[in-house]
Structures are given as structure tokens and as C-alpha cells.
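# Reading the structure
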Amino acid sequence: MSQARCHLRAALFLAAVSPRGATTGVTARRGLSAWPAPQEPGMEYQDAVRTLNTLQTNAGYLEQVKRQRGDPQTQLEAMKLYLARSGLQVEDLDQLNIIHVTGTKGKGSTCAFTERVLRSYGLKTGFFSSPHLVQVRERIRINGQPISPELFTKHFWHLYHRLEETKVDLAVVEVGIGGAYDCTNIIRKPVVCGVSSLGIDHTSLLGDTVEEIAWQKGGIFKRGVPAFTVLQPDGPLAVLRDRAQQISCPLYLCPPLEALEEGGPPLTLGLDGEHQRFNAALALQLARCWLQQKGHQGLGELKVSRPSVLRQMPLAPVFQPTPHMRHGLRDTEWLGRTQVLRRGPLTWYLDGAHTASSVQACVRWFHQALLRGHRPGRGPEVRILLFNSTGDRDSAALLKLLQPCQFDYAVFCPNLTEVSSAGNADQQNFMVTLDQVLLRCLAHQQYWSHLAEAQASPDLWSSPSLEPGEPTSSLLASHPPRTHSTSSLVFSCISHALQWISQGRDPVFQPPSLPQGLLAHPVAGSGAGVLREAGAIHVLVTGSLHLVGGVLKLLEPALSQ
């Protein structure tokens, strides 16, 4: 397979919808339409996804790319060529009203808030995000909904055939990491840009320090295009400020949501967790700036008459959120992020946190959700962690942050819905081998065991990993600290893990029968009895968005229809 064919995936997603549809980040316009899409004869949606999967970079080649990281400008020039071969020019993208968002944590939630606020104003929107949870078509949304299988199939084959007809070897185009190296930086004229919270992630591609990562993420800034960011540590904030100043990009720091709420009723967010308030604050500034530049009036009375400066950066406007803004924030939905599913005695807590800062936020959210949902007298409660982590992330560090949750069982499995993914094209991943993912799960189990052995004090809710002032007493009272090690298990796929955890007690997830040998391990056998008798089972699923997506596919079958 040629290098070009391996890396056309980037062009496929960027150009899969014409200028009438969606593109990277959030676009908004009147008259957007998902027009009827006749199917290619004999070509179904799953055929399109399977063919798309053949364009995934294989695991060995990806390692070579990491060692030979190219110049971002060279990669963008290659992206222009891919775009031209698809029948589009960069000038076509210039006609779209794009909001371009990057960051390490919260960029998807920020876009979800922003998109919903714009729709509350009666605008029609297109939204491109990555990765998907259940089906690949989720990456391209029109008016908040994933495009239909028929529309995806139509555009995929049209574009695929065009690219096949003009196949040549081109340079590698990286996709999905954000900032200077991302293929989405082909966008030259966004209306406004945003940078959500920054932290350590994708170190093999972006750098080993948060300052290096901030420099990469600031690569989306464009001359004269307003940009907004949330409060960051001093180091990355200074890098963003300097990078913006170098190209005359006006960069503003978002005031906290509390400043916008002052003097009015509190804002209600559709996404749970205190960290979502940072994302909502950024989203309000992005949406307001976009609306303002497009000539909309009545965008909230300003509370501050003159610009303020914080940490040597201009402060974004402090204004009274309008009813449309309030409704948009309240009605925002974004699956797999601080999501709770209550099913009989089981409560599933789903959050795709996969960096140190996002896992810290996840622990705080899980802690608060347990407090809100605690009901005395239901019988013994069991807490379970379902975890996986991929790429170059420090799994041991993430697991250490999760240890204070006092889980009874820690369960590890790869991001495979079933043992064989042959019939599930949306969940296939050729960038790692089966041996690699199983060995990684065993390493996670080993990390967890070492952490349990080294645990010196049961009172970890007051550890530095949590924010000062977090309430602890009521949670610990409902679940007394223990001194013995948490039991742990490794399963070969998500389905087997869920079957053991649920023990047939989830009214929706009802697989036909337990696989032979599922209870052969002593911990699995004894734990099954505990789970069948538990009054409440709390399951936190975290560490990987792909893991959360696989869990959602099984727990919410309607998402696959």
C-alpha cells in the first residue's frame, strides 16, 4: 500500500462534505442542507467504513512517522494537494464561517457548547470532531446530528474514486492532534479561534513539555483573527500570548463563568462537572464573537465598560448571557463526557478523560456524582473501575490519580467491543496489534497492583490530586476506607468485561450467555457473587474515548442504528 493511500484519511474527512456541509471545528450559516444522497449501487455504509479503515496507518509505519516528524508547513502543502485531488481548493474553505478550536482537554465539549448556542439563535451548523465514539459518521454533524449512513456513503465513494483516479505518492499528513501539525490547519480564514485547557498529551508528536505543546496548539492562530483561551498555567499562557503577538493575532483571556453570572441567575450546563464551566466560558466568547462579526445584535449587555488586563493579556468581554445563550448551554449534549447511565442497580459513569488534568477533573466529577446519588439502605455498594489507556500516555500516572476513588475491583480490557472486530468496522483500529493492546492491559493491571501495595494511607481523598476544599467526609462515611488491595481482572474485550460487571442485572445489556471460562479466575468467580448480591454497583469507565465508545455501543444499541 502506498504512503499516499495510507494517509488519504485526512483528506477524506476534511473533504467528505462539500462547502454546503460541515468541516473542521464548528461552522454556522443559514441555508445549510443535508440534501438527499442516493447510494452507490452495491455499496453499503459498512463497505464504505471497511474501505476507509484500509487507509489507516499501520502500526509499524506510524512508529516511523513519529521518529521522522516532518515540517508542519510541508504537511500543509501536502494537504492542499489532497484537497485539490478531491475537487476542492483552499479558497472553497475560505467561504465557510469556521470556528477553529484546539487544546488538550475540553475542545470537543467547547465545540458542543458553541454549536448548541449558535443553533439556539436559529442558525444551521456543521460540526467536525475526532475521534468518534460508536460510528464514524459521528465525526461530521449537521444541526447537531451525525450525517446519515446514506449521506456518508455517497460522499465517501465519490471522494474515494476521485482520489484513486489521481493516486500519487505524497508526503505524510498527520490528523487528529490539533495545532500546527494537524491537517485541519489548512483552514486559512476562520472567523474566530479558541484554545481550551492545555496539558501533557501526544508527547511523541507535540513535545515533552506543556510549553512545547502550547506552541503547537497556538499554530491555529491567524493574523487579524480574534482568538480566545481559558486560564492556563503561566508557562503555556505566556507561549500562547507570544505566538499570537508574533503574527498580530488578538488573543483574549476568558473571564470565569462566575463573572458572567454575577447579577443574574446561575447558568445551567447540559454537561456535568466543574471543569465544564471553563469550556462553557470559552464557548460563550466564541459564539458571541462569531455572532458579532456576522452582524447580530443584542448579544448581552456588557458589564465592564473598559478592557481589563490579566496576566499581561486582554480580558475578553464580561457580558450578561442572553436567553438564547442560556438555553444553548442548558441543552448541550456530548456523549461520553461526564455522562451517567442509570440501569437498575448499576450506574455507569462514562468519561473519556485520557490526560492527567482531565483524569483529575474526572475524579472530582465522579466524587461529586457519588455524593449526589448516594441512597442509604440499599444494601452493600460496589465500586468498579473499567480502564484502558493508549498511545504514549503515562498509564501509571493516570491510574495513580484514580486510586483515591477506593474501587473494589479494577477491570482492564482493550478498546475492542468483541474479541473479533470483523463485523464491526466502525471500531476497527489497524494502528496497533492485538498483542500490543493485550500486553498493555496486563501492564495496567501490574501498575494497579504496585500502587495498591505502595498505598500508605487510606485517607487519600485529601491528596494533592484533588482541588483544595473538596468535601470528603460524607463520601468516606458511605464507603469506609479499606487497607487490603483492590482486586483486578483483565478481559480480552469490552463485551466480556461488561458481562462480568453487570452479571445480567443491566436491563438493556443482555448478552445471550456468559462465555465459557469467564468465571474461571478465582477473583472473577468470587466477584460474580458479590456483584449479584450488591445493592448498588457504581462503574467508572475512563482512560480512553475509544473505550467509552465501545461501552456505549453495547449499553446504548440505538446509537448503532
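Residues numbered from 1 in each chain as written. Predicted model: local features only at pLDDT ≥ 70, side-chain atom pairs only at ≥ 80, totals over all residues. Heavy atoms only, no water.

Looking at an unreviewed UniProt entry, one finds the protein named Folylpolyglutamate synthase and attributed to Neomonachus schauinslandi. Listed under Catalytic activity (unreviewed entry) in UniProt, the entry text for the protein is "(6S)-5,6,7,8-tetrahydrofolyl-(gamma-L-Glu)(n) + L-glutamate + ATP = (6S)-5,6,7,8-tetrahydrofolyl-(gamma-L-Glu)(n+1) + ADP + phosphate + H(+)". You can read under Function (unreviewed entry) in the UniProt record for the protein the words "Catalyzes conversion of folates to polyglutamate derivatives allowing concentration of folate compounds in the cell and the intracellular retention of these cofactors, which are important substrates for most of the folate-dependent enzymes that are involved in one-carbon transfer reactions involved in purine, pyrimidine and amino acid synthesis." (UniProt positions renumbered as here; feature names shortened; annotations may be inferred.)

Broken down by element type, the protein carries 21 helices and 16 strands. When contacts within the protein are restricted to residue pairs at least 6 apart in sequence, long-range pairs at least 24 apart make up 80% of them. With an accessible surface of roughly 22900 Å², the protein has 53% of that area assigned to carbon and sulfur atoms. (Helix = DSSP H or I, 4+ residues; strand = E, 2+ residues; numbered from the N terminus. Contact = heavy atoms within 4.5 Å. Areas by Shrake-Rupley, 256 points an atom, 1.4 Å probe, with all protein chains shown as cover.)

Turning our attention to the UniProt feature "binding site: ATP" (unreviewed entry) in the protein. Those places that UniProt annotates as "binding site: ATP" (unreviewed entry) correspond, in this numbering, to R337 and D351. With near-sequence residues (within four places) excluded, R337 lies in contact with S109, L133, Q276, L350, D351 and L545. One polar contact links the side chain of R337 to the main-chain carbonyl oxygen of L335, over a distance of 2.7 Å. Turning to its location among the elements, D351 is positioned in the loop between strand 12 (346-350) and helix 15 (356-373). In contact with D351, not counting residues within four places along its chain, are G336, R337, T338, S358, C362, W365, V541, T542, G543 and V548. (Polar contact = N/O pair within 3.5 Å; in protein donor to acceptor, adjacent residues only side chain to side chain.)

Moving on, we come to the nonpolar core. The biggest cluster of nonpolar side chains holds 37 residues, and the ones touching the most others in it are F228, L284 and L329. When residues in this core are grouped by element, the largest group, 10 residues, is from helix 13 (residues 276-293). When residues no more than four places from it in sequence are discounted, the contact partners of L284 are V117, L257, L260, L267, F319, M325 and L329. L341, L498, I501 and V548 belong to the second-largest nonpolar core, a separate cluster that totals 35 residues. (Core = buried A, V, L, I, M, F, W, Y, C linked by side-chain atoms within 4.5 Å. Buried < 20%, exposed > 50% of the residue type's maximum accessible area, 1.4 Å probe, protein only.)

Taken residue by residue, helix 16 (residues 395-402) has S395, L398, L399, L401 and L402 as its buried positions. The buried residues of helix 16 occupy an angular sector of 155° when projected down its axis, which confines them to one face. On its buried side, helix 16 packs onto helix 15, strand 13 (381-387), strand 14 (409-412), helix 17 (434-454) and strand 16 (536-542). (Arc of directions from axis to C-beta.)

This part takes up the pairing of strand 2 (residues 98-102). Counting buried positions along strand 2 yields 5 of 5 residues, so the element is predominantly enclosed. Along strand 2, one buried face is formed by I98, H100 and T102 and the opposite face, lined by I99 and V101, is buried too. Where strand 2 lies against strand 6 (residues 192-195), 4 bridges are found, and the strand directions are parallel. Within strand 6, the position partnered with I99 by the bridge is V192. (Pairing = 2+ DSSP bridges.)

Summarising the element assignment, I147 is placed in the loop between strand 5 (145-146) and helix 8 (149-165). In this structure the C-alpha to C-alpha distance between I147 and G126, which are 21 residues apart in sequence, comes to 9.8 Å. Setting aside residues up to four positions removed in sequence, I147 forms contacts with R137, I140, R141, I142 and F152.

A side chain of one charge can pair with a side chain of the opposite charge if their charged atoms are brought near each other. Counted according to the given criterion, the structure contains 13 salt bridges. A salt bridge links R241 to D242; the shortest N-O distance between them is 3.5 Å. Overall, the relative accessible area of 17% leaves R241 in the buried class. For R372, the salt bridge goes to D272, with nearest N and O atoms at 2.5 Å. Placement of R372 in helix 15 and of D272 in the loop between helix 12 (257-261) and helix 13 is noted, with a sequence separation of 100 residues between them. A cluster of three or more residues bridged by salt bridges with shared partners is formed by E91, D94 and R188. (Salt bridge = Lys/Arg side-chain N within 4 Å of Asp/Glu carboxyl O.)

So, about the confidence of the model for the protein. When pLDDT is averaged across the protein, the result is 80; 76% of the residues are at 70 or more. Taken as a whole, residues 169-176 scores under 50 in pLDDT and shows 33 contacts with residues more than four places along the chain or in a different chain. (pLDDT = per-residue confidence, 0-100.)

Okay, the sheet that holds strand 16 next. The strands that make up a sheet pair up through hydrogen bonds in the backbone, lying either parallel or antiparallel. Spatially, the 6 strands line up as an open sheet ordered 11-12-16-13-14-15, and their pairing is mixed. The sheet terminates laterally at strand 11 (339-343) and strand 15 (487-490), the two strands that pair on one side only. The sheet shows a mean angle of 20° between the axes of neighbouring strands, direction not considered. Bridge analysis of strand 14 against strand 15 gives 4 bridges, and the strand direction is parallel. By the bridge assignment, Y409 is partnered in strand 15 with S487. Of the strands in this sheet, strand 13, strand 14 and strand 15 touch helix 17, which is tilted by about 175° from strand 15. On the sheet, helix 20 (residues 522-533) packs against strand 13, strand 14, strand 15 and strand 16 and is oriented at approximately 115° with respect to strand 15. (Axes fitted to C-alpha atoms, helices over the stretch in contact; angles between N-to-C directions.)

A few words now on the state of the cysteines. A complete count under the given rule lists 0 disulfides for this structure. C413 takes part in no disulfide bond, and the closest cysteine sulfur to it belongs to C441, at a distance of 6.2 Å. Using a relative accessible area of 0% as the deciding quantity, one classes C413 as buried. (Disulfide = S-S within 2.5 Å.)

So, on to unusual backbone geometry. Here the bond from S130 into P131 is cis, since omega is 0°, no more than 30 degrees from zero. Unlike most non-glycine residues, T338 shows phi in positive territory, near 45°. Here T338 shows up in the loop between helix 14 (323-330) and strand 11. Residue classification places T338 among the buried positions, given a relative accessible area of 7%.

The next point concerns the environment of L434. Within the secondary structure, L434 is located in helix 17. According to the relative accessible area criterion, L434 is partly exposed, its value standing at 48%. Along the backbone, L434 and P414 are 20 residues apart, and their C-alpha atoms lie at a distance of 8.7 Å.

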